[in-house]
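# Structural overview
Each chain, letter by letter, is given below.
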Amino acid sequence: MGGKVASEKEAHRAREATCRRCGRCCHQKLNVDGRIFYLDTACPHLDPETRLCRVYERRFEVNPDCISVGEGVRRGVFPADCPYVAGLAGYRPPMEDPDPEALADALDALVGEEVEL
Ligand code: SF4
Ligand code: SF4
């Protein structure tokens, strides 16, 4: 039992070590009918210089919107080249630098009327 917990922690650490600290997963996102778009604004807890979370150990407590890696994979918040999801079959990454027309079309479809960006 203790061995299982230890190996899960080790696996977690090993996975964290693959993170390249690009910080893109910590940018705000727009979910348009299941399609995720990255926005330019980053989470206020992301250090713009180091691209590291300033509250990492307490992130879920400090930011109730911060989600676990598993949940992030499920919701598709990691960019395609992120080691957490690279090569994951069927994974659909967020749209980065979305074409404004594509974003406007997606929003139109969501609200049922034309949206100007
Ligand atoms: S997108 Fe991936 S590599 Fe970049 S900070 Fe997030 S977890 Fe790390
Ligand atoms: S609180 Fe969560 S979303 Fe915000 S910078 Fe830290 S890890 Fe990223």
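Here the structure is a predicted model, which is why all the values come from computation and not from measurement. (Residues numbered from 1 in each chain as written. Chains lettered and ligands numbered in written order. Predicted model: local features only at pLDDT ≥ 70, side-chain atom pairs only at ≥ 80, totals over all residues.)

## A short note on the overall build of the chain
- If you tally the helices and strands in the chain, you get four helices and two strands.
- The secondary structure elements of the chain, listed N-terminal to C-terminal, are α-β-β-α-α-α.
- Within the chain, the proportion of its 117 residues that are buried is 6%. (Helix = DSSP H or I, 4+ residues; strand = E, 2+ residues; numbered from the N terminus. Buried ≥ 20, exposed ≤ 12 C-beta atoms within 10 Å, placed from the backbone.)

## As for the pairing of strand β2 (residues 35-42)
- Two elements, strand β1 (residues 27-32) and β2, share five bridges in a ladder whose sense is antiparallel. Within the sheet, the bridge partner assigned to Leu 30 lies in β2 and is Phe 37.
- Taken together, β1 and the strand that follows it, β2, pair antiparallel across an intervening segment of two residues, in which Asp 33 is found at a positive phi of about 55°. (Pairing = 2+ DSSP bridges.)

## A word on the confidence of the model for the chain
- Overall, the prediction assigns the chain a mean pLDDT of 85, with 87% of residues at 70 or greater.
- Looking across the chain, the model is least confident in helix α4 (residues 100-111), with a mean pLDDT of 72, and most confident in helix α2 (residues 59-62), with 97. (pLDDT = per-residue confidence, 0-100.)

## Description of the site of ligand 2
- Lining the immediate surroundings of ligand 2 are Cys 26, Cys 43, His 45, Leu 46, Cys 53, Val 55, Arg 59, Asn 63 and Cys 66.
- Tallied by class, the residues present in the shell around ligand 2 amount to six nonpolar, two polar and one charged. (Near = placed C-beta within 6 Å. Nonpolar A, V, L, I, M, F, W, Y, C, P; charged D, E, K, R; others polar.)

## Focus: the site of ligand 1
- Around ligand 1 sit Cys 19, Arg 20, Arg 21, Cys 22, Gly 23, Arg 24, Cys 25, Phe 78, Pro 79, Cys 82, Pro 83 and Tyr 84, and those are all the residues in its vicinity.
- Grouping the amino acids of the shell around ligand 1 by side-chain chemistry returns eight nonpolar, one polar and three charged.

## Let's talk about unusual backbone geometry
- The phi dihedral of Arg 21 falls on the positive side, at around 55°, and the residue is not glycine.
- You can see Arg 21 is positioned in the loop between α1 (2-17) and β1.

## With respect to the environment of Gly 34
- Along the polypeptide, Gly 34 turns up in the loop between β1 and β2.
- On a C-alpha basis, the gap between Gly 34 and Arg 75 in space is 8.5 Å, while along the polypeptide they are 41 residues apart.

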